[in-house]
Amino acid sequence: MFNLQIIPVSAFQQNCSVVWDNQKRATIIDAGDNAEQIIQFVESQQLHVDKLLITHGHLDHIMAVDRLRHYFGVEVYGSHQADQPLFEQLPQICTQYGLPTVGSFVPDHWLNEGDEIQVGNLVFQIRHLPGHSPGHIGFFEMQNKIAFTGDVLFKNSIGRTDLYQGNFEQLIDTIRSKLFVLDDDFIIMPGHGAHTTIGQEKRANPFLKISHYDET
Ligand SMILES: [Zn+2]
Ligand SMILES: [Zn+2]
């Protein structure tokens, strides 16, 4: 059984995702802010947090992670190591955005393409999804056909590419080669806004529609 609660966090309304199995073994993906609210939810459901996962190093995805790591006494997995400078510069980046400073930290484990993360009886495959940030990864739960892909692909939109080592061509290539190879009914849970499916985005996403017309 797959359970999911989205908690919108930070000034950026980031979709912090709490996921748990039938024995209440849980993970928190992208604890971006509002640690107290996340803790309150976890305790209200009597979940046992097993690990913390991170898609990428942008502040709206990581500001509450170190706090929760200590609170729950668990380890942090992800992103890919290419995002390390973003973790190390977190205090300065908070200041740039006019937010209260959060101390820098690094995850316990960097992740790579092909790695697998187990949370209770849920298994997440890791894919490297660069373009929005260099070390961006996604967590793919193949049994339930749902992926947590941060700021790569949104409903009718894509992630911005004007931040640290962003790259538009690379992002489009990532979406086509790592996401559009999934089944049409595969659910994408993005870092912001509504969830969507691969089929929906193949049909309607203006950034990814085939740019030429059929002869008919
Ligand atoms: Zn981002
Ligand atoms: Zn974001």
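The numbering scheme is per chain: residues are counted from 1 as the chain's sequence reads. Both sets of labels track the order of writing: A upward for chains, 1 upward for ligands. Per-residue local features are limited, in this predicted model, to residues with pLDDT of at least 70; the limit for side-chain atom pairs, both in listing and counting, is 80 or more; totals at the level of whole chains, interfaces and linings are taken over all residues. Hydrogens and waters are ignored; side-chain quantities use all the structure's heavy atoms.

## With respect to the coordination of the zinc ion (ligand 1)
Thought 1: Within the protein, the zinc ion (ligand 1) binds to His-56 (NE2), His-58 (ND1), His-132 (NE2) and Asp-151 (OD); these donor distances fall in the range 2.1 to 2.3 Å.
Thought 2: Water is not part of the atom set, so a site may look incomplete; the donors themselves are N, O and S atoms within 2.8 Å of the metal, or 3.2 Å for Na, K and Ca. Any coordination sphere not matching a tetrahedral pattern (four donors, all angles between 85 and 135 degrees) or a square planar or octahedral pattern (four or six donors, opposite donors over 155 degrees apart, other angles between 65 and 115) is reported as irregular. Around the zinc ion (ligand 1), the 4 donor atoms sit at angles spanning 88 to 171°, and that spread fits a shape best called irregular.
Thought 3: When the donor residues of the zinc ion (ligand 1) are listed from N- to C-terminus, their spacing reads H-x1-H-x73-H-x18-D.
Thought 4: The metal-metal distance between the zinc ion (ligand 1) and the zinc ion (ligand 2) is 3.6 Å, with Asp-151 serving as a donor to both. With His-56 in the loop between strand 4 (48-53) and helix 2 (59-62) and Asp-151 in the loop between strand 9 (146-148) and strand 10 (153-154), this pair connects stretches of sequence that are 95 residues apart. Taken as a pair, His-56 and Asp-151 share a single burial class, namely buried. A run of DSSP states H or I qualifies as a helix once it reaches four residues; a run of E qualifies as a strand once it reaches two. Both are numbered from the N-terminal end. Accessible area is worked out with a 1.4 Å probe on protein chains only. A residue is then buried under 20% of its type maximum, exposed over 50%, and partly exposed in between.

## Remarks on empty space enclosed by the protein
Thought 1: With a 1 Å grid spanning the protein atoms alone, the term cavity applies to any set of points in which a 1.4 Å probe fits but cannot get out, the term pocket to an open set with protein on both sides within 12 Å along at least five of seven lines, and the term lining residue to any residue with an atom within 4 Å of a point. Grid points are joined across faces, edges and corners, and a volume is the space filled by probe spheres set on the points. Taken as a whole, this structure holds 1 cavity of 30 Å³ or more when the rule is applied.
Thought 2: Put simply, the largest cavity is a space of about 50 Å³.
Thought 3: In terms of lining residues, the largest cavity is bounded by Gln-14, Asn-15, Ser-17, Ile-29, Asp-30, Thr-55, Phe-148, Thr-149, Gly-150, Met-189, Pro-190 and Gly-191.
Thought 4: Per-element accounting of the lining of the largest cavity gives the leading share, 3 residues, to strand 2 (residues 14-20).

## What to know about the layout of surface pockets
Thought 1: Volume-wise, the largest pocket comes out at about 330 Å³.
Thought 2: Considering the residues around the largest pocket, the lining is formed by 19 residues, among which His-58, Leu-59, Asp-60, Tyr-97 and Leu-163 are closest to the centre.
Thought 3: Of all the elements in the fold, those that place two or more residues in the lining of the largest pocket are helix 2 and helix 5 (90-96).
Thought 4: In terms of residues, the lining of the largest pocket owes the most to one element, helix 5, which gives 3 residues.
Thought 5: Think of it as three bins: nonpolar holds Ala, Val, Leu, Ile, Met, Phe, Trp, Tyr, Cys and Pro, charged holds Asp, Glu, Lys and Arg, and polar takes everything else, Gly as well. Each residue belonging to the lining of the largest pocket can be placed in one class, and the counts come to 9 nonpolar, 7 polar and 3 charged.

## Description of the pairing of strand 7 (residues 122-128)
Thought 1: Within strand 7, 5 of the 7 residues are buried, which leaves it mostly tucked inside the rest of the structure.
Thought 2: Paired strands are those between which DSSP finds at least two bridges. Bridge analysis of strand 6 (residues 116-119) against strand 7 gives 4 bridges, and the strand direction is antiparallel. Considered in strand 7, the bridge of Ile-117 is made with Phe-124.
Thought 3: In sequence, strand 6 turns back onto strand 7 through a hairpin of 2 residues, with Gly-120 there showing a positive phi of about 60°.
Thought 4: When strand 7 meets strand 8 (residues 137-141), the two strands line up antiparallel, connected through 4 bridges. Bridging from a neighbouring strand, Ile-126 pairs with Phe-139 of strand 8.

## Some remarks on the packing of aromatic side chains
Thought 1: Two rings belonging to Phe, Tyr or Trp (six-membered ring only in the last case) form a pair when the distance between their centres is within 6.5 Å. Interplanar angles under 30 degrees mark stacking, angles over 60 mark edge-to-face geometry, and anything in between is tilted. Applying the stated criterion across every chain yields a total of 7 aromatic pairs.
Thought 2: Taken together, a centroid distance of 6.4 Å and an interplanar angle of 50° make the contact between Phe-140 and Phe-186 tilted. Here Phe-140, found in strand 8, pairs with Phe-186, found in the loop between helix 6 (168-179) and strand 12 (187-189); they are 46 residues apart in sequence, far enough to count as distant.
Thought 3: Among the residues examined, Phe-186 registers a relative accessible area of 2% and is labelled buried.
Thought 4: Feature note: the residues Phe-87, Phe-105 and Trp-110 constitute an aromatic cluster, connected by ring pairs.
Thought 5: Lysine and arginine charges are scored as sitting over a ring when NZ or CZ, respectively, is within 6 Å of the ring centre and within 35 degrees of the ring normal. Taking NZ or CZ as reference, Lys-51 lies 5.6 Å from the ring centre of Tyr-77, over its face.
Thought 6: Taking NZ or CZ as reference, Arg-127 lies 4.8 Å from the ring centre of Phe-140, over its face.

## Quick notes on the coordination of the zinc ion (ligand 2)
Thought 1: Around the zinc ion (ligand 2), the protein contributes the donor atoms Asp-60 (OD), His-61 (NE2), Asp-151 (OD) and His-192 (NE2), at 2.1 to 2.3 Å from the metal centre.
Thought 2: For the zinc ion (ligand 2), the 4 donor atoms are set out with angles of 87 to 154° between them, so the coordination reads as irregular.
Thought 3: Each donor residue of the zinc ion (ligand 2) lies on one chain, and together they are spaced D-H-x89-D-x40-H.

## What about the pattern of salt bridges?
Thought 1: Whenever a carboxyl oxygen of Asp or Glu lies within 4 Å of a side-chain nitrogen of Lys or Arg, that contact is scored as a salt bridge. Under the criterion given, the structure shown has 10 salt bridges.
Thought 2: A salt bridge links Arg-25 to Asp-21, with the shortest nitrogen-to-oxygen separation between them at 2.8 Å.
Thought 3: With relative accessibility at 1%, the residue Asp-21 sits in the buried group.
Thought 4: In this structure, the salt-bridge partner of Glu-36 is Arg-67, at a minimum N-O distance of 2.6 Å. With Glu-36 in helix 1 (residues 35-44) and Arg-67 in helix 3 (residues 65-72), this pair connects stretches of sequence that are 31 residues apart.

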